[in-house]
Amino acid sequence: MIRLGNLFTKYPEMGVYLAVGIGYLIGRFKFRGVGFGVVTGSLLGGIILGNFFRVPVSDQAKSMLFLLFLFGIGYSVGPSFFGNLKGDGWRWVILGVFQPVVGLLAAFMVARFLKLDLGYSAGLLSGSLTESPAIGTASEAIRALALPDEQKQQLIGHIAVADAICYIFGTFGVIWCCSSLGPKLLGIDLKEESKKVELSKGIRSSKVGVSPAWQPIAVRAYTIPLNSPAVGKTLAEAENSVPGARLFVERIRRSSEIFSPSRTTVLEAGDTVAVLGRTETLVKVLGPRSSEIADSELLEIPVASFDLYITNRKIAGKTIQQFVDSVDEARGVLLRGITRGEHSLPFGRETIVQRGDTLHVTGSEAAVEKLAPIVGRKISPTEDSDLAVLGIGIFVGVLLGAITTIPVGHLRIGLGTSVGTLLAGVVVGWMRSVKPWFGRIPDGAILFMKSMGLAAFVAMIGLKAGPIFVSAVKEYGYVLFLGGVVVTLTPLIAGLFFGRYVLRLNPLLLLGGIAGAQTMIAGVAAVQEKADSPVATLGYSYTTAFGHVLLTTWGTVIIYLLT
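Residues numbered from 1 in each chain as written. Predicted model: local features only at pLDDT ≥ 70, side-chain atom pairs only at ≥ 80, totals over all residues. Heavy atoms only, no water.

It is worth spelling out unusual backbone geometry at this point. Although it is not a glycine, Ser 255 sits at a positive phi angle of roughly 60°. Position of Ser 255 relative to the elements: it lies in the loop between β4 (248–254) and β5 (257–259). One non-glycine residue with positive phi stands out, namely Arg 504, at about 60°. The topology assignment puts Arg 504 in the loop between α16 (443–501) and α17 (507–517). (Helix = DSSP H or I, 4+ residues; strand = E, 2+ residues; numbered from the N terminus.)

Now for a nonpolar patch on the surface. Nonpolar side chains collect at one region of the surface, where Ile 392, Phe 395, Val 396, Leu 399, Leu 400 and Ile 403 lie side by side and expose about 580 Å² of accessible area between them. Tracing the sequence through the fold places Leu 399 in helix α14 (residues 387–403). (Patch = residues over 30% accessible without salt bridge, like charges linked within 9 Å, V, L, I, M, F, W, Y side chains within 5 Å. Areas by Shrake-Rupley, 256 points an atom, 1.4 Å probe, with all protein chains shown as cover. Salt bridge = Lys/Arg side-chain N within 4 Å of Asp/Glu carboxyl O.)

This part is about the packing of helix α5 (residues 90–114) against α17. At their nearest, the axes of α5 and α17 sit 9 Å apart, and the two run at 45° to each other. One way to sum up the angle between α5 and α17 is to call them oblique. Considering only the axes of α5 and α17, their crossing is right-handed. Packed against α5, whose contacting residues are Trp 92, Leu 95, Gln 99 and Pro 100, the element α17 presents Leu 509, Leu 510, Gly 513, Ile 514 and Ala 517 at the interface. For the contact of α5 with α17, the per-class residue count stands at seven nonpolar, two polar and no charged. (Axes fitted to C-alpha atoms, helices over the stretch in contact; angles between N-to-C directions. Parallel < 35°, antiparallel > 145°, perpendicular 65-115°, else oblique. Left-handed = near helix turned anticlockwise from the far one by under 90°. Contact = heavy atoms within 4.5 Å. Nonpolar A, V, L, I, M, F, W, Y, C, P; charged D, E, K, R; others polar.)

Time to look at helix α13 (residues 365–375). Taken together, the buried positions of α13 are occupied by Ala 367, Val 368, Leu 371, Ala 372 and Val 375. Looking down the long axis of α13, one finds its buried residues gathered within 140° of arc, a one-sided arrangement. Residues of α13 that are exposed and point over 90 degrees away from its buried face: Ala 366, Lys 370 and Pro 373. The secondary structure elements touched by the buried residues of α13 are β8 (303–310), α12 (320–326), β9 (333–340), β11 (358–364) and β12 (376–378). (Buried < 20%, exposed > 50% of the residue type's maximum accessible area, 1.4 Å probe, protein only. Arc of directions from axis to C-beta.)

For Ser 128, the position within the fold is in helix α6 (residues 118–128). You can call Ser 128 buried: its relative accessible area is 0%. Of the polar contacts made by the side chain of Ser 128, one reaches the backbone oxygen of Leu 124; its length is 2.7 Å. If sequence neighbours within four positions are ignored, Ser 128 has contacts with Gly 123, Cys 166, Gly 170, Gly 484, Val 487, Thr 488 and Gln 518. (Polar contact = N/O pair within 3.5 Å; in protein donor to acceptor, adjacent residues only side chain to side chain.)

The values reported here are purely geometric and, on their own, carry no functional implication.
Here's what the structure looks like:
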């Protein structure tokens, strides 16, 4: 043990990576669907290791990792942060601001009532509201105070202790409130309500994690019989004869000739047509009326599947049906899915698309190429990261955070380098939604920045907190846990009633929204499981951007409120 301790002292990076590894093992463990998660697991991994060994960690290394994480989280939520400010999204914006503000006030009042020091107060907030990045912003605010260095380190260690204790119910509380308590308070049945929402938005019902074995979009060949109502009609008339079907004739075999028709081409009996459409529509609409044949030569059509990134303001804010009806270039292109931020959304005719959404489409290559500039830009897969934008963006964020102060009464509160970097990431992410070729960083790289950046940072916090953890838990453990219960549930219940009876939000989407406002994806996952539907993700996507930005900022704010 002594020899190992000497190695950790000489090579502290060994301890950091070991703490992260232990943390991921802890984070993967779940009891009845509830676990710590990898971030809190890494914090505990650092605490466990730090309790047995002295591992000296660099404040500069912690800061670099945390800034990388903050830029990544800002970059990923930037498009939806500004996109939700438009149209009818204002109700969700209000909820996304209201709930974090209630959470801050609850943490402030509980901390005052329990007479907690600054460190325990900040950890109470970060753990109860399940926003571990607030550990970093609070730590930076404490380091800026006119206190002895030894006291600062003690307070920062207290943040880690309180966060680990309060995160336990912080996670469970969101899951329980969203999936059990919330539906009871609102008087709704999750499965019935999900069916209503799916019907109103034209979303096909399916169980979470279950997908059909067949191909949802296909090109099939059919021979037009003599008595077909399509005989004598132009291609445009025939395609529009079945409202809502969206079937497109891509090629025609007439006698021995194969050609690509125009919208004015008149269909004749005996024509063999290659039709692009959704499989179920082809089967239901054309199956009983025409004879399907195997014509490999006719079906040699280049079909493309691309991702289109929405930047066009004229399209953002429209329903899918409005988009299809108003854009001629949408002919021959079918929608396979929508991604907003990191989340795949259920979609139907009434789903509203936003700037920054990614549309996963399939159609003839020519049709998709025509549609791409109308929507915004076709996303071409890349493994290269724009490190120039990354580096300059973090530099500007740190600079603005260091020199910007906000006057509040007789105080002048510094914005802080952490909050400045977070806001820089939000701005760059938003700019990317306007100009997708700007600041391109692959999703995998962003995921690594967010996961490894935060996990390693909190592991270092845990390593420093390890020596005081046991004594602190004995002294304040039950007090912090009970205080955390109050701080977790207060904003959830307040957001639930405010969203339903003041903002008049749909109750099922609201459950996803309150989970998003406290940035706990496990909460909406629990709703999805009980509802047998992914539709609650829509509510989560509206509020999570505001939750991430505000709750992270509260780490700075609560320190200044209590000083």
